[in-house]
Amino acid sequence: MAQTFAEKILAKKAGLSHTVPGQIVEITPDVALSHDNTAPIYGIFQEMGGRRVFDPEMHAIFIDHAAPAPTTKHAENHRVIRQVVAEQGIENFFDVGRGICHQVLVEEGLALPGEVVLGSDSHTPHAGVMGAFAAGIGRSEMASIWAVGSLWLRVPESMKITVEGQFQPGVTAKDLALKVIGDLGADGALYISVEWHGEAIRAMSLSQRAVLPNMMAEMGAKNSFVPPDEKVIAFLDGRARRPFELVLPDEDAVYAQSHTYAAGDIEPMIACPHTVDNVRPLSQVAGTRAHQAFLGTCTNGRLEDLAAAAEILKGRNVAPGTRLVVIPASSQVYLDALKAGYIEIFIEAGAAVESPGCGPCMGNHMGVPAVGEVSVSTANRNFRGRMGTKESDVYLASPAVVAATAVAGEITHPKDL
Amino acid sequence: MSMIRGRVWKYGDNVNTDVIFPGKYTYTVSDPKEMPQYALEDLDPRFAKEMLPGDVIVGGTNWGCGSSREQAVMCLSEAKLGAIVAKSFARIYYRNCLNNALPALTCPEAVDAIQNGETIEIDLSAGEIRCAAGIFDFPPLPEAVMDIFEAGGLIEYTRQKLDADKRG
Ligand code: SF4
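In what follows, the accompanying structure is described.

What counts, and at which threshold
Residues numbered from 1 in each chain as written. Chains lettered and ligands numbered in written order. Predicted model: local features only at pLDDT ≥ 70, side-chain atom pairs only at ≥ 80, totals over all residues. Heavy atoms only, no water. Helix = DSSP H or I, 4+ residues; strand = E, 2+ residues; numbered from the N terminus. Rg over C-alpha atoms; globule rule 2.2 N^0.38 Å. Buried < 20%, exposed > 50% of the residue type's maximum accessible area, 1.4 Å probe, protein only. Contact = heavy atoms within 4.5 Å. Pairing = 2+ DSSP bridges. Axes fitted to C-alpha atoms, helices over the stretch in contact; angles between N-to-C directions. Buried area = accessible area lost by both parts, 1.4 Å probe. Salt bridge = Lys/Arg side-chain N within 4 Å of Asp/Glu carboxyl O. Polar contact = N/O pair within 3.5 Å; in protein donor to acceptor, adjacent residues only side chain to side chain. Core = buried A, V, L, I, M, F, W, Y, C linked by side-chain atoms within 4.5 Å. Parallel < 35°, antiparallel > 145°, perpendicular 65-115°, else oblique. Left-handed = near helix turned anticlockwise from the far one by under 90°. Nonpolar A, V, L, I, M, F, W, Y, C, P; charged D, E, K, R; others polar. Near = heavy atom within 4 Å. Domains from an automatic or database assignment. Disulfide = S-S within 2.5 Å.

**Quick word on the overall build of chain A**
Part 1 of the reasoning: Along chain A, the regular secondary structure elements total 15 helices and 18 strands.
Part 2 of the reasoning: In terms of C-alpha radius of gyration, chain A reaches 21 Å, essentially the compact-globule figure of 22 Å for 417 residues.
Part 3 of the reasoning: Its C-alpha atoms give chain A principal-axis dimensions of about 60 × 50 × 40 Å.
Part 4 of the reasoning: Of all 417 residues assigned to chain A, the portion counted as buried reaches 62%.
Part 5 of the reasoning: At a minimum sequence separation of 6, the contacts of chain A that also span at least 24 residues come to 76%.

So, in structure tokens, the structure goes:
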């Protein structure tokens, strides 16, 4: 029986020959991801009567959402997490400064093909870039995994997105993701497993590919998958924490929906306030005044993203009246960017370069906007109030557009600088 | 537990959590026992007054879309609703249902066939819905989910499982 990726991997993990959409299976994940919310999860775990976690090796815990701590309250939360990690003997713990959970999970060789990652964060699908089945879950569900090691999952329907041809210069995975979300809507993939196929996807770097599953949470997807190929295997060589086995969908698998895009037709896109599916071609909003440009996040804070921005910022200055905040997604990205000279370019251009983590993405700290201000960001979400105040506008775009906007002080296509 | 029998309350597509449990009560009503009286208040005011334990809601596509508020499930599970049968569920709503021991069954064919007000039977372990128009199959719920139902929800289920492990 031909199966999609989700049907096949969930069957494998549940010890069944096959599964069908709608079926419920009991799964022991390979990775249980939690971040600054680890302390409240631990509270529920204790309420359930939990004393020792089911398997300390399953856990990957990160302090990234408000890190380093902006207030004493946050610092107390971090203290509790460090205590839990020590008490429970959890080795995969990444403290303040290491970077954003989804990025670091991949860098550390903990997101592996053919494995299941469950995380108490809505952008957990990110790990699908390595060929894992990765889905977000609630806090009580995570606490239950801590206690008994498994959770039920519904086998999702699958959607196949095929992208053929080549992108025009300057068009990125971010533009593709925004285009698809704009077309299909914020509920376009509700509970669905979204697979990315086609020549344009295979041609992308891993860094570009990662944007796609990362952003599928904004379309309601349960998980999203990029078929692992030789690029993934080369990346994992000497890095993977465990031996792994690829799980690939069958050629003749049945999809609930299929969509095909021609890469060459896609132009730079931007998501306008206050929903991610309010997407327009960049040309329609060019000229909008921007007070802050933010380059970072799990979506677009990798070396390649910083390189694209540095190319534009080299020898230029951030416009008076506009701020540029740069936050590398991880300490590894920071070091690499430093060696490549990008950090120097940013600082010389007048940017504030900050410690790896989520920063102002969800309004915690390190660059939240003032009332009435407009931010242009490389993040994945622009809901009203997302960056702190409800009285501000957030636009989402690619790193090059964010850099060009910082230079011009208004939303700008890099070619128009 | 595995047999459900009750009257059908049939509704349409995209019924959102705001009409299932109005937002204005989300921060004022926190005792689960008080929740059933507000269930579906903005969709069908008769429902809360007339529904009986075991009754079944039949909905269209995307049942429970909108906010993640768990009260939109608890106001029905606390009233001992038998099940919700829908063409599809919003993801978080669906998980909240099963974690609060309320059967949520996806069966588009049955939704089209079932008439409002008729009495139907659902056999959870056999995976069958029996109504006037015939018998419709859905993939049976596995033991793990049935165990969550028997325990009365995920938190209670995990607590019991840990207890048993300690004693065992
Ligand atoms: S960078 Fe933003 S979207 Fe990514 S994990 Fe952090 S808060 Fe979430």
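After that view, the rundown keeps rolling.
**Here we look at unusual backbone geometry**
Part 1 of the reasoning: A cis amide bond, omega -5 degrees, links Ala67 of chain A with the succeeding residue Pro68 of chain A.
Part 2 of the reasoning: Mapped onto the elements, Pro68 of chain A comes out in the loop between strand 3 (59–62) and helix 3 (72–88).
Part 3 of the reasoning: Cis geometry is found at the peptide bond from Pro273 of chain A to His274 of chain A, where omega equals 0 degrees.
Part 4 of the reasoning: Here His274 of chain A lies in the loop between strand 12 (269–271) and strand 13 (279–281).
Part 5 of the reasoning: With a phi close to 60 degrees, Met366 of chain A is a non-glycine residue in the positive phi region.
Part 6 of the reasoning: Counting through the fold element by element, Met366 of chain A comes out in the loop between strand 16 (352–353) and strand 17 (374–377).
Part 7 of the reasoning: If you check the backbone angles, Leu40 of chain B has positive phi at about 55 degrees while not being a glycine.
Part 8 of the reasoning: If you trace the backbone, Leu40 of chain B turns up in the loop between helix 1 (17–20) and helix 2 (45–50).

**Some details on the sheet that holds strand 6 (residues 128–131) of chain B**
All names here are of chain B.
Part 1 of the reasoning: Spatially, the 7 strands line up as an open sheet ordered 4-3-2-1-5-6-7, and their pairing is mixed. Two strands close off the open sheet at either side, each with one partner strand: strand 4 (104–106) and strand 7 (134–137). Within the sheet, the average angular offset between the axes of one strand and its neighbour, ignoring direction, is 30 degrees.
Part 2 of the reasoning: Pairing between strand 3 (residues 83–86) and strand 4: 3 bridges, direction parallel. Bridging across to strand 4, Ala86 finds its partner in Thr106.
Part 3 of the reasoning: Helix 4 (residues 91–99) rests against strand 3 and strand 4 of the sheet, and its axis sits at about 130 degrees to strand 4.

**A closer look at the interface of chain A and chain B**
Part 1 of the reasoning: Taken together, the contacts link 25 residues of chain A with 22 residues of chain B.
Part 2 of the reasoning: For the pair chain A and chain B, the summed buried surface comes to about 2200 Å²; carbon and sulfur atoms form 61% of the total.
Part 3 of the reasoning: Taking the shortest distance from any N to any O, the salt bridge between Glu141 of chain A and Arg95 of chain B comes out at 2.5 Å.
Part 4 of the reasoning: Across the contact surface, chain A and chain B share 7 residue pairs in polar contact (both at pLDDT 80 or more).
Part 5 of the reasoning: Looking at the side of chain A that touches chain B, the elements that each hand over two or more residues are strand 1 (24–27), helix 2 (38–47), strand 6 (133–136), helix 5 (139–148) and strand 7 (151–154) of chain A.
Part 6 of the reasoning: Here the element with the most residues in the side of chain A that touches chain B is helix 5 of chain A; it accounts for 5 residues.

**So, the nonpolar core**
Part 1 of the reasoning: Ranked by size, the top nonpolar core spans 104 residues in total, and within it Leu76, Tyr93 and Ile122 of chain B carry the most contacts.
Part 2 of the reasoning: With 6 residues, the single largest contributor to this core is helix 5 of chain A.

**Structural notes on the packing of helix 12 (residues 303–313) of chain A against helix 14 (residues 342–349) of chain A**
Residues and elements named next belong to chain A.
Part 1 of the reasoning: At a minimum axis separation of 9 Å, helix 12 and helix 14 run at an interaxial angle of 45 degrees. In terms of their interaxial angle, helix 12 and helix 14 are classed as oblique. At the point where helix 12 passes helix 14, the crossing takes the left-handed sense. Facing Leu303, Leu306, Ala307, Ala309, Ala310 and Leu313 of helix 12, the residues of helix 14 in contact are Tyr342, Ile345, Phe346 and Ala349.
Part 2 of the reasoning: Counted by class, the contact of helix 12 with helix 14 contains 10 nonpolar, no polar and no charged residues.

**Structural notes on the site of the ligand**
Residues and elements named next belong to chain A.
Part 1 of the reasoning: As a structural note, the neighbourhood of the ligand is formed by His65, Ile100, His102, His123, Thr297, Cys298, Cys358, Cys361, Met362, Asn380 and Arg386.
Part 2 of the reasoning: A class-by-class count of the residues in the shell around the ligand yields 5 nonpolar, 5 polar and 1 charged.
Part 3 of the reasoning: Two domains each provide a minimum of three residues to the shell around the ligand, namely domain 1 (5–261) and domain 2 (276–416).

**Here's the deal with the sheet that holds strand 5 (residues 116–119) of chain A**
Residues and elements named next belong to chain A.
Part 1 of the reasoning: If you walk across this open sheet you meet the 5 strands as 4-3-2-5-6, and the pairing is parallel. Two strands close off the open sheet at either side, each with one partner strand: strand 4 (93–94) and strand 6.
Part 2 of the reasoning: As paired elements, strand 2 (residues 31–34) and strand 3 share 3 bridges and run parallel to each other. Looking at the pairing, Ser34 lines up with Ile61 of strand 3.
Part 3 of the reasoning: Strand contacts of helix 1 (residues 5–14): strand 5 and strand 6, with the helix running at about 90 degrees to strand 6, the strand carrying the most contacts.
Part 4 of the reasoning: Against the sheet, helix 5 touches strand 2, strand 3 and strand 5, its axis set at about 135 degrees to strand 2.

**Observations regarding helix 8 (residues 206–216) of chain A**
Part 1 of the reasoning: The buried fraction of helix 8 of chain A amounts to 11 of the 11 residues, a majority that puts the element mostly inside the structure.
Part 2 of the reasoning: Every buried residue of helix 8 of chain A is accounted for by Leu206, Ser207, Gln208, Arg209, Ala210, Val211, Leu212, Pro213, Asn214, Met215 and Met216 of chain A.

**Some words on the state of the cysteines**
Residues and elements named next belong to chain A.
Part 1 of the reasoning: In this structure the tally under the stated criterion is 0 disulfides over all chains.
Part 2 of the reasoning: Considering cysteine sulfurs only, Cys358 is the nearest to Cys101, which forms no disulfide, with 6.2 Å between them.
Part 3 of the reasoning: Exposure remark for Cys101: the relative accessible area of 0% places this residue in the buried category.
Part 4 of the reasoning: Free of any disulfide, Cys272 has its nearest cysteine sulfur in Cys361, 18 Å distant.
Part 5 of the reasoning: The class of Cys272 is buried, set by a relative accessible area of 2%.

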